[in-house]
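Geometric and topological summary
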Amino acid sequence: MTTPLFEAKNLQKYFPVKGGILNRTQAQVKAVDDVSFAINPGETLSIVGESGCGKSTTGRAILRLDDPTDGEILFEGQNLMELSKSDLRQKRKEMQIIFQDPYASLNPRQKVKQILDEAMAIQGVVPKAKRPERIRELMEVVGLRPEQAERYPFQFSGGQRQRIGIARALSVDPKLIVCDEAVSALDVSTQAQVLNLLKKLQKDLDLTYLFISHDLGVVRHISDRVIVMYLGKIVEIADKRDLFDSPRHPYTRALLSAIPIPDPSKTRERIVLQGDVPSPMNPPSGCRFHTRCPFATDICKAEEPELRSTTFMNETHKAACHHIEKIAETEKTSIV
Amino acid sequence: MASNEQTPVLEVKGLQTSFFTPDGEVKAVDGVDFSVNSNETLGIVGESGSGKSITSLSVMRLIQHPGKIVGGTIELSGEDLLKKSKQQFAKYRGNRLSMIFQEPMTSLNPVFTVGSQIAEAVRIHKKLDKKAAWQEAVNMLKLVGIPAPEDRAKRYPHELSGGMRQRVMIAIALSCDPELLIADEPTTALDVTIQAQILELIKELQEKSGMAVLMITHDLGVIAETADKVVVMYAGEVVEQADVKTLFKRPLHPYTQGLMNAIPRHDIDLDELEMIPGTVPTPQNMPSGCRFAERCPYARDLCVEKHPELATPSNNVDEGITTGQTRCWIYTDEWDGPNPTKGVATNQ
Amino acid sequence: MHIFILRRLLQLIPVLFGVTLVAFLIIQLVPGDVAQVMAGEAASEAQLEQMRENLGLNDPLVVQYGRFLGDLIMFDLGESVRTGQPVMDIIAPRFIITVELALWGMVVAVSVGLFFGILSATYRNTIRDYGTMTLAVVGLSMPNFWLGLLLIYWFSIQLGVLPTSGWGTWQQVIMPAITMGTAGAAVIARMTRSSMLEVIDQDYVRTARAKGVSERFVVYKHAFRNALIPVVTVIGLQFGYFLSGAVLTENVFAINGLGRLVVDAISQRDFPVVQGAVIVLAITFVFVNFLVDIAYRVLNKRIDLN
Ligand SMILES: Nc1ncnc2c1ncn2[C@@H]1O[C@H](COP(=O)(O)OP(=O)(O)OP(=O)(O)O)[C@@H](O)[C@H]1O
Ligand SMILES: Nc1ncnc2c1ncn2[C@@H]1O[C@H](COP(=O)(O)OP(=O)(O)OP(=O)(O)O)[C@@H](O)[C@H]1O
Ligand code: SF4
Ligand code: SF4
Ligand SMILES: [Mg+2]
Ligand SMILES: [Mg+2]
């Protein structure tokens, strides 16, 4: 077993909801609730799930952009929760984040070279004299022409702006990059360019990614392992192949079956889930998915299922469901 | 089923819509043709800015200043819509043809209850009294699968989820049994599980009423699952048109091929995604030849010099193969030499 | 909603405290000896002592403030040092006149402002729009009293159709209301225009058109209801300005409102009256704001989200 680069243990992030006459905290949004996972060096771990399930909150919490309510976050064995603000700033250069909207995260009044220069200056990783050279290099790495560094962000297309975001993240030589919906706003043709770039950079620079996305096609393409979240909890975690070829959790199965396939000759049985995702303010008891799960029984309402593996699953493959075995049975009989 | 002589529900010919901006004329839609029959779904795909929304807004005559329809005809069951006066056309909107939009979160008026927003459409077109219209609104909510419709009708939009709001939009659009429903990216803002619900709902309602549907999306998956015929748009033009099976089996235009190979799929593994290099040309520097030439791996001088027409292939397709129409020199007699796209496998 | 109103009411308490404290300090902060200032140079030491005694100026500040608040709760604002009448009795009739004047001004400001605001937004970038907005600038930059004098010159002196002064009959109301309302109308028109322009491009307005709603209803029902939300705030603020700014109009048209009373009281150094007027105006102002908040909330259902 490799030692993980990063580990989250029992991570929790609650947001207070204020209200009432005195504007006191009335309830908590349990955005991320008791989430644990590890990321190995050089791999891409993805988090998928529907809007509001806590993907971004997880990404922000592990970088301490928002302080977690509870839990441990270990980077190369060191607990980030115990670091002072200044030590944390030092650590930040090892962990970068790329956002969905490249435009919103780039200062429109700065030239690209100033944006990159500033990122390096803040972290103090590259001496001033060396920075112009480094900027040229970075531009080439992300597939832009070095002279384009003289331009402003609005003079680029969406895909190019995302490349600038990537260049900025790379400028401080990070080990881990959190990509929060980094390609979601792009058209397919541009999205393919950026995805291929991310893959290439990972190989060349030995990067580790935590890749947050709601697009399972993108996730299959880029990841080694995948986490599926629902209402602030991990419901399934597995190697990519296992997850896509033999999903175990009913939610994962529904999610996969809901994605339209660009091939009209393929007809599939679709599981259409009823109803909406419940509010994270008071999530359902027991298994949080029981209100929409076609397999739910009494135990699902009463007891929260643990993430676990069974005999016919790889040991790295875990799902949080009481009825993994039973569901696998019904599948066999229905196929016959 | 639909015979060839049937008048299409919607027939668009040579549609041109431009925006007159301080920087000059932006030809957002530049000569677009297509038609839809009843009970049929026509899909329009294309990347951001290719002119999909402007096409559909033109059909609804909802183009706002400084935009203007500058050419072409739009016929609804044989009637020329562009010849109608504003008042006459307002009677058709929401009645004979209606539209749902991409943004369910902002498409409903925040200060009125959803019930009253449905009832309003019913009252305008069906001339019902207040009470009957409200009842009809509740019925519509039930029809689109909203639980506890009596109660939900009294809610304000912000009290409903995105999926629910899109259902309400569908209820508004379908409240007067339109002949044509235009759905502009109806599920892009929604989660996949909710998307599945909404697409299913539209299909179901279409089966009941026999309406024609114009399904606009950038997602080839949605197209494959919902459309009967497909129009592919690029830079304000139709570059390919075919029935859905043909299109996916044998995409002709290099752009369509590139698009299909660029989609990361959740059902199969791909080592590397094919990329279409570069970006869509801006209206300010629209090429005079083939608009895809800058990005096309097969471009020749001919492509840069002359603008290709949308036509049925006369060259470089095997005998006996059904194809649609495409706008590419490769498939014309002016292209000497073999088809360079041959053997370019798509994912299928 | 009830919770919201309650919370808003609770928030009023510290504001009202602040207002009363400031009003209380008016007397304390008069430079020099207040009694001397009020009584005038010629007053004898005995008279001064008498005055201090009457006003309670010999007690410690805290005691004075406590007494002041206690009286206030009983609607007792003290007595005028000039006439000896209770301040409340002096202020009440004048205050009603000023409120009437402000309300009529509001009627002009709101109706004219909304009308031209909507007109100019629906005909954006046309002659009508430019014309209206130019008028608005003129209306804003023209001083109140000057407009009042112009009106008197035209309608009273040249045409002789309206009386130059006084308050009560409808003829007497017209010119002061226009004088008061013009600047407000300009502000409201500009606010309405920009708010309408913002709203008119919203997706839900497009939805209304797509439903087949006629253009008139699109504008007046769907767009206007939403555009009104920020306008309400401006209207509330305007009303506050009208109350405090009525003095000029009152002087031009010789209306015996609160403004004139205050001016007179200041020149006569009748501080209890000044103090009373300040308190009444300030409380009205706070209360109007409270109403605006509630109206805003009723109009804007989305705030319920918290
Ligand atoms: N600052 C905040 N205050 C209160 N609640 C918040 C805050 N940020 C997030 N939330 C709530 O936490 C939950 C998780 O949000 P998060 O942004 O992590 O979702 P996500 O999975 O990234 O969704 P999306 O796909 O829409 O980006 C949501 O219910 C959200 O409303
Ligand atoms: N108000 C406007 N002024 C100028 N140009 C405009 C205006 N509205 C749209 N356009 C132009 O029209 C073109 C087509 O836009 P349209 O909204 O139809 O694209 P689309 O295919 O719907 O894209 P998306 O997938 O992003 O919705 C774009 O290039 C855009 O720049
Ligand atoms: S635990 Fe029960 S409710 Fe939850 S996913 Fe499994 S079967 Fe469904
Ligand atoms: S016409 Fe030429 S440039 Fe255009 S798509 Fe065909 S081959 Fe490519
Ligand atoms: Mg997110
Ligand atoms: Mg669009």
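Residues numbered from 1 in each chain as written. Chains lettered and ligands numbered in written order. Predicted model: local features only at pLDDT ≥ 70, side-chain atom pairs only at ≥ 80, totals over all residues. Heavy atoms only, no water.

Note the threshold: UniProt positions are given in the numbering used here, feature names are shortened, and annotations may be inferred rather than shown by experiment.
As recorded by an unreviewed UniProt entry, chain C carries the name Nickel import system permease protein NikB and is attributed to Geomicrobium sediminis. Recorded in UniProt for chain C, the comment headed Subcellular location (unreviewed entry) runs: "Cell membrane". According to the UniProt record, the Sequence similarities (unreviewed entry) comment for chain C is "Belongs to the binding-protein-dependent transport system permease family. OppBC subfamily."

1. A short note on the sheet that holds strand E4 (residues 67-76) of chain B
Sheet strands pair via backbone hydrogen bonds, and the direction of the pair is either parallel or antiparallel. Residue and element names in this part refer to chain B. Going by this rule: Two strands form a pair only when DSSP identifies at least two bridges running between them. What counts as a helix is a DSSP run of H or I of at least four residues, what counts as a strand is a run of E of at least two, and both are numbered from the N terminus. We call two residues in contact whenever any of their non-hydrogen atoms come within 4.5 Å of each other. Axes here mean lines fitted to C-alpha atoms, for a helix over just the part in contact, with angles spanning 0 to 180 degrees between N-to-C directions.
Across the sheet, four strands lie side by side as E2-E1-E4-E5; this open sheet has antiparallel pairing. Because the sheet does not close on itself, it has two edges, and the strands there are strand E2 (24-36) and strand E5 (79-80). Relative to E5, E4 runs antiparallel, the two sharing two bridges. By the bridge assignment for E5, Leu-76 is matched with Glu-79. Sheet strands touched by helix H1 (residues 52-59): strand E1 (10-21), E2 and E4. Its angle to E1, the strand with the most contacts, is close to 110°.

2. Re the UniProt feature "transmembrane region" (unreviewed entry) in chain C
Residues and elements named next belong to chain C. Under the present numbering, the feature "transmembrane region" (unreviewed entry) in UniProt falls on residues 12-30, 101-123, 135-157, 169-189, 227-253 and 273-292. Each end of residues 101-123 is marked by a C-alpha atom, and these two atoms are 33 Å apart; helix forms 96% of the span and strand 0%. Taken end to end, residues 273-292 is 100% helix and 0% strand, and its two terminal C-alpha atoms sit 29 Å from one another.

3. Quick word on the nonpolar core
For soluble globular proteins, nonpolar side chains are generally found buried alongside one another. Worth spelling out the cut-off: Think of a nonpolar core as a cluster: buried Ala, Val, Leu, Ile, Met, Phe, Trp, Tyr and Cys residues, connected wherever their side-chain atoms sit within 4.5 Å. Exposure categories follow from relative accessible area, calculated using a 1.4 Å probe and restricted to protein chains: below 20% of the type maximum is buried, above 50% is exposed, and the middle band is partly exposed.
Of all hydrophobic cores here, the largest spans 74 residues; its most connected members are Leu-10, Phe-34, Leu-97, Val-168, Ile-170 and Leu-180 of chain B. At eight residues, the largest contribution of residues to this core is made by helix H6 (residues 162-174) of chain B. Beyond its immediate stretch of four places on either side in the chain, Phe-34 of chain B contacts Leu-10, Glu-11, Val-12, Leu-42, Ile-44, Thr-55, Leu-214, Val-231 and Gln-241 of chain B. Counting 69 residues, the second largest nonpolar core, distinct from the first, contains Phe-112 of chain B together with Ala-121, Leu-162 and Leu-261 of chain C.

4. Examining the domain arrangement of chain B
Residues and elements named next belong to chain B. In plain terms, the rule: Domain limits in this description derive from either an automatic procedure or a database domain assignment. Once two parts are put together, the accessible area they lose, assessed with a 1.4 Å probe and summed over both, is termed the buried area. Salt bridge, as applied in this entry: a Lys or Arg side-chain nitrogen positioned within 4 Å of an Asp or Glu carboxyl oxygen. Any pair of N or O atoms that falls within 3.5 Å is considered a polar contact. Within protein, one atom must be able to donate a hydrogen and the other to accept it, and sequence-neighbouring residues count only if both atoms are side-chain atoms.
In terms of domains, chain B is made up of domain 1 (10-232) and domain 2 (253-331). Inter-centroid distance (C-alpha atoms) of domain 1 to domain 2 is 29 Å. Listed as interface residues are seven residues of domain 1 and, on the opposing side, eleven residues of domain 2. Regarding the contact of domain 1 and domain 2, the summed buried area is about 830 Å², with carbon and sulfur atoms giving 62% of it. The largest contributions to the domain 1 side of the interface with domain 2 come from Glu-47, Leu-220 and Val-232, which together make up 54% of the buried area. Among the ionic pairs, Asp-30 bridges to Arg-291, the shortest N-O distance being 2.7 Å. Viewed at the interface, domain 2 and domain 1 are joined by two residue pairs in polar contact (both at pLDDT 80 or more). Sorting elements by how many residues they give to the side of domain 1 that touches domain 2 places E2 first, with three residues.

5. Looking at the pairing of strand E10 (residues 237-243) of chain B
All names here are of chain B. The buried fraction of E10 amounts to six of the seven residues, a majority that puts the element mostly inside the structure. Relative to E10, strand E9 (residues 229-234) is paired through six bridges, and the arrangement is antiparallel. Looking at E10, one finds that Tyr-234 is bridged to Glu-237. Linking E9 to E10, which pair antiparallel, is a turn of two residues; within it Ala-235 sits at a positive phi near 50°.

6. Let's talk about the interface of chain B and chain A
Contact residues are listed per partner, giving 41 residues for chain B and 39 residues for chain A. Across the chain B to chain A interface the summed buried area is about 3500 Å²; carbon plus sulfur atoms make up 56%. Put simply, Asp-269 of chain B and Arg-220 of chain A hold a salt bridge, and the shortest N to O gap is 3.0 Å. Between the two partners, chain B and chain A, sit 15 residue pairs in polar contact (both at pLDDT 80 or more). Contributing elements (two or more residues each) for the side of chain B that touches chain A: helix H7 (192-209), helix H8 (220-226), helix H9 (244-249) and helix H10 (254-262) of chain B. Here the side of chain B that touches chain A gets seven residues from one element, more than from any other, and that element is H7 of chain B.

7. Focus on the domain arrangement of chain C
Residues and elements named next belong to chain C. Partitioning chain C into domains gives domain 1 (2-77) and domain 2 (93-299). Domain 1 and domain 2 are separated by 33 Å when their C-alpha centres are compared. Every contact between the two is made by 20 residues of domain 1 and, on the other side, 15 residues of domain 2. Area buried by domain 1 at its contact with domain 2 is led by Phe-4, Met-38 and Leu-77, which between them contribute 28% of it.

8. Re unusual backbone geometry
Residues and elements named next belong to chain B. The linkage connecting His-65 with the following residue, Pro-66, adopts the cis geometry, with an omega of 5°. By the element assignment, Pro-66 lies in the loop between H1 and E4. Residue Ser-77 is not a glycine yet carries a positive backbone phi of 45°. For Asp-177, which is not glycine, the phi dihedral falls at a positive 50°. With respect to the helices, strands and loops of the structure, Asp-177 is situated in the loop between H6 and strand E7 (180-184). You can call Asp-177 exposed: its relative accessible area is 57%.

9. Section: helix H9 (residues 203-211) of chain C
With respect to burial, H9 of chain C is a largely interior element, eight of its nine residues being buried. Of all the residues in H9 of chain C, the buried ones are Asp-203, Tyr-204, Val-205, Thr-207, Ala-208, Arg-209, Ala-210 and Lys-211 of chain C. Of the surrounding secondary structure, the elements contacted by the buried residues of H9 of chain C are helix H3 (114-126) and H6 of chain B together with helix H8 (170-200) and helix H10 (215-252) of chain C. Where H9 of chain C ends, the next residue or the one after it, Gly-212 of chain C, has phi of about 100°, a positive value.

10. Some remarks on the layout of surface pockets
Which entries qualify depends on this criterion: As defined here, a cavity is a set of points on a 1 Å grid over the protein atoms alone where a 1.4 Å probe fits but cannot get out. A pocket is an open set with protein on both sides within 12 Å along at least five of seven lines, and residues line them when an atom is within 4 Å of a point. Grid points are joined across faces, edges and corners, and a volume is the space filled by probe spheres set on the points.
Of the voids in this model, the second largest pocket is the one considered here, and its volume is about 1700 Å³. Along the walls of the second largest pocket sit 45 residues, with Gln-64, Lys-86 and Arg-93 of chain B together with Arg-209 and Glu-215 of chain C positioned nearest its centre. Elements with a contribution of two residues or more to the lining of the second largest pocket: E4, helix H2 (86-92) and H3 of chain B together with helix H5 (87-122), H9 and H10 of chain C. Top element by residues in the lining of the second largest pocket is H10 of chain C. It accounts for six residues.

11. A few points about the site of ligand 1
Residues and elements named next belong to chain A. Rule in force here: In these notes, residues near a molecule or strand are those with any non-hydrogen atom within 4 Å of it. Computed with the Shrake-Rupley method and a 1.4 Å probe, the accessible areas treat only the protein chains shown as cover for residues. Three classes are used, and their members are as follows: Ala, Val, Leu, Ile, Met, Phe, Trp, Tyr, Cys and Pro are nonpolar, Asp, Glu, Lys and Arg are charged, and the others, Gly among them, are polar.
In the vicinity of ligand 1, 13 residues are found, and the nearest of them are Ser-51, Gly-52, Lys-55, Ser-56 and Thr-57. Separating an oxygen atom of ligand 1 from a side-chain N or O atom of Ser-51 is a distance of 2.7 Å. In the model, an oxygen atom of ligand 1 is placed 3.0 Å from a nitrogen or oxygen of the Gly-54 main chain. The fraction of the free accessible surface of ligand 1 (620 Å²) that becomes covered by protein chains is 60%. Secondary structure elements with two or more residues in the shell around ligand 1: strand E2 (24-39) and helix H1 (55-62). When residues in the shell around ligand 1 are grouped by element, the largest group, three residues, is from H1. Partitioning the shell around ligand 1 into residue classes produces five nonpolar, five polar and three charged.

12. Some points on the UniProt feature "domain: ABC transmembrane type-1" (unreviewed entry) in chain C
The positions that UniProt labels "domain: ABC transmembrane type-1" (unreviewed entry) are, in the present scheme, residues 95-292 of chain C. Each end of residues 95-292 of chain C is marked by a C-alpha atom, and these two atoms are 21 Å apart; helix forms 85% of the span and strand 0%.

13. Remarks on the site of ligand 2
Residue and element names in this part refer to chain B. Near ligand 2 the following residues occur: Phe-19, Thr-21, Ala-28, Glu-47, Ser-48, Gly-49, Ser-50, Gly-51, Lys-52, Ser-53, Ile-54 and Glu-185. At 2.8 Å from an oxygen atom of ligand 2 is found a main-chain nitrogen or oxygen belonging to Ile-54. Across the complex, the protein chains shield 66% of the 640 Å² of accessible surface that ligand 2 would expose by itself. With three residues, the top contributor of residues to the shell around ligand 2 is H1. Here the shell around ligand 2 is composed, by residue class, of three nonpolar, six polar and three charged.

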